[in-house]
Each structure stands twice: as C-alpha cells, then as structure tokens.
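Each chain, letter by letter, is given below.
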Amino acid sequence: MRQLVNTLSRQVRSAEFPCEIVLIDDGSDEEYKKINRSVCNREVYVELPDNVGRAKIRNLFLEYTKYRNLLFLDCDSIVTTDNFLQKYASAVVAGNVIVVCGGRVYESFKPPRDYLLRWRYGTHKESKSCEERRKTPNRSFMSNNFLIRREILAKFPFDERITGYGHEDTLLGFVLKKNRINITHIDNPVMNGELEINSEYLRKSATSVKNLGTILEYVGYDPDFVEDIGLLRFYIRIKSIAPVVSGLFSLFRPMVELLLRKGWIALWLFDFFKLGLFLKSNFKKELL
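Residues numbered from 1 in each chain as written. Predicted model: local features only at pLDDT ≥ 70, side-chain atom pairs only at ≥ 80, totals over all residues. Heavy atoms only, no water.

### What about the nonpolar core?
Among the nonpolar cores identified, the biggest contains 39 residues, and Phe225, Leu232, Leu260, Phe270 and Phe273 are the most heavily contacted of them. Looking at this core, the elements that each hand over two or more residues are α5 (116–126), α8 (168–178), α9 (198–218), α10 (223–228), α11 (230–238), α12 (242–262) and α13 (267–279). If you tally residues by element for this core, the top one is α13, at 9 residues. Grouped together as the second largest cluster of nonpolar side chains are 23 residues, Phe156, Leu172, Leu176 and Ile183 included. (Core = buried A, V, L, I, M, F, W, Y, C linked by side-chain atoms within 4.5 Å. Buried < 20%, exposed > 50% of the residue type's maximum accessible area, 1.4 Å probe, protein only. Helix = DSSP H or I, 4+ residues; strand = E, 2+ residues; numbered from the N terminus.)

### Looking at helix α3 (residues 54–64)
Restricting attention to buried positions, one finds in α3 the residues Ala55, Ile57, Arg58, Asn59, Leu60 and Phe61. Where α3 is buried, its residues touch β1 (22–26), β2 (44–48), β3 (69–73), α7 (150–155) and α8. (Contact = heavy atoms within 4.5 Å.)

### Observations concerning empty space enclosed by the protein
The tally for this structure, following the rule as stated, stands at 1 cavity of 30 Å³ or more. In this structure, the largest cavity encloses a volume near 30 Å³. Taken together, Cys101, Gly102, Gly103, Arg133, Ser140, Met142, Asn144, Asn145 and His185 form the lining of the largest cavity. In terms of residue class, the lining of the largest cavity is made up of 2 nonpolar, 6 polar and 1 charged. (1 Å grid on protein atoms, 1.4 Å probe; cavity = no way out; pocket = protein on both sides within 12 Å on 5 of 7 lines; lining within 4 Å. Points joined across faces, edges and corners; volume = space filled by probe spheres on them. Nonpolar A, V, L, I, M, F, W, Y, C, P; charged D, E, K, R; others polar.)

### Considerations on the environment of glutamate 132
Mapped onto the secondary structure, glutamate 132 falls in helix α6 (residues 130–135). Note: C-alpha distance between glutamate 132 and histidine 185 (53 residues apart in sequence) is 9.5 Å.

### Description of unusual backbone geometry
Despite not being glycine, histidine 167 has its phi angle at roughly 75°, a positive value. You can see histidine 167 is positioned in the loop between α7 and α8. Located in the positive-phi region is arginine 180, a residue other than glycine, with phi close to 60°. The topology assignment puts arginine 180 in the loop between α8 and β8 (183–185). Looking at arginine 180, the relative accessible area reads 78%, which means it is exposed.

### A closer look at the sheet that holds strand β4 (residues 77–78)
Within the open sheet, the 3 strands sit side by side as β4-β9-β6. Their pairing is mixed. In the strand order of this sheet, the two ends are held by β4 and β6 (104–105), each with one partner. The sheet contact formed by β4 and strand β9 (residues 190–192) spans 2 bridges and is antiparallel. Its bridge partner lying in β9, isoleucine 78 is registered against methionine 191. (Pairing = 2+ DSSP bridges.)

### Side note on a nonpolar patch on the surface
A grouping of Ile241, Val244, Leu248, Leu251, Phe252, Met255, Leu259 and Trp264 is seen on the molecular surface, where their side chains present a nonpolar patch of about 790 Å² in accessible area. Here phenylalanine 252 shows up in helix α12. (Patch = residues over 30% accessible without salt bridge, like charges linked within 9 Å, V, L, I, M, F, W, Y side chains within 5 Å. Areas by Shrake-Rupley, 256 points an atom, 1.4 Å probe, with all protein chains shown as cover. Salt bridge = Lys/Arg side-chain N within 4 Å of Asp/Glu carboxyl O.)

Rendered as structure tokens:
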C-alpha cells in the first residue's frame, strides 16, 4: 500500500482539479494498522474495529469523502503511469459519464509455481483490453479500479449482505445494467500487486462460488443475470448431464485440488473445480 499512497500523493499534489485521498482499514491486525498509520499520516485515514467486508467498506466511503466523483482502488494496486488520475479526470470532463472502469493487468513474467493459479487466471480472464471490455461493459465491471458518481453509489450501493470474497462487483454491474446506467471503459489499468498462494486462492474461489449462488437468490434467478455469468451459462448447457459431472467431480476432487494447489495449472481444470462446487450446492435447483 505504501507505493500506491506515495504514487497517488504525487499525482494529487500536481493535479489541476480538486481531489483527496481517503483510506479505510477494514479491521486489520494491529501490526498492519501500525504500518498503515506510518504511511497514511497525511491522508484521511479511518480504522474500523472489525472487518465489515468488501461490499460494506466501499459504501462507507460515502461518509468520509466530499467530492462528487469517487475513485476506488484496491490497496494492493500498483499505478504504473504518471497521468493515472488525469486520465480519469479527462474521461469525466469529456462526457456525461457516470461510472468509469480503468482495467487491470498482471506482471508479464510467471511467478513461482505456488502463486501460479491466481496469476494465470488473472492474466487470461481479468486482463482485458479496453476494446474487449467495451463489448460487454456491465459484464466487464470490476471494483478494483473504477470511478463512480457519489449519488449513483448512494442510490445503488454494493449489497452489504455479501460479506465474503467474490461477486459483489458482479452484482453491482448487473444492478447498474438493469437500471440502464452505462459503464464507460477507458485504457487506464492498474497492476495487480499481490498474488495469493494457490491454496488461498482456491479457498477464496470456493467462497466466490457460494456467493454466486446466494446472489442468484437475491436476483430471483433472473435469466439476464444467468446470461452474464460464464459458469452459469455453462451449467445451463450441460444441465442434462449434471449428475454425471457431479459424480466425476466427487471422484476426482482430491486430485483436482492437489494439482491446483501444487501449481499444475490448466484453466479448464480450475473451471471444472468451480463447476463442481456449484453442482454440489443447493442453488442450482431453480435453474433446472
């Protein structure tokens, strides 16, 4: 986070438009709070006593910020350009934009095998060009690097029922689409600065699949939402043989998890892992 704060501070000082940096610690351990305090002594810095989750903490920025446009960045993001803030400001000035996404990229070189799963998935699934994201603007919404008008976030906040990892941004992108709010995509990516170890990312992915099922219930199994999610679209295609696939997953799950943990990564195997978890859930029943 130190690098991110220092980079943004330099750009804020040279900006020709009013802006501020606001940071919220989501109930970290005391050792991390000490580090944060040393980094954030010149910015608005808020510490929460308990972890409130990825959705609620984003909504909390409405209480601690004062300008009309809010730019959200994950704390492990790396800003790689000197005109990062200016690009967002130019997008706001150039048109009547309401929500703007800048994108995400990963290091080009392979990390050690223990970190390969997150890197390979991010490189192939999340690192999309601006042109590609514009083809499906709401479906391509990610909350790690985006700008939104405060009145829009106040009207359509992140769903605070989602407390674990994953898909809180998927739901917001869908809500914005249903309310005909356009998402603008620009070429202004940040680099993902921290990779989880394979076993940790598998754990988070399992939570993400569970969240996806919960969100299905929240949206009333809306067919438009199903169409937006690759995992759900694939399930619809193979649902006639779902019991067979579920049985295969039960049989091979220990081997699949072992291979993914050890870094023998094939994305189809990771997709099979997530599909298998979904097939074992109760949420698929309404999609039969």
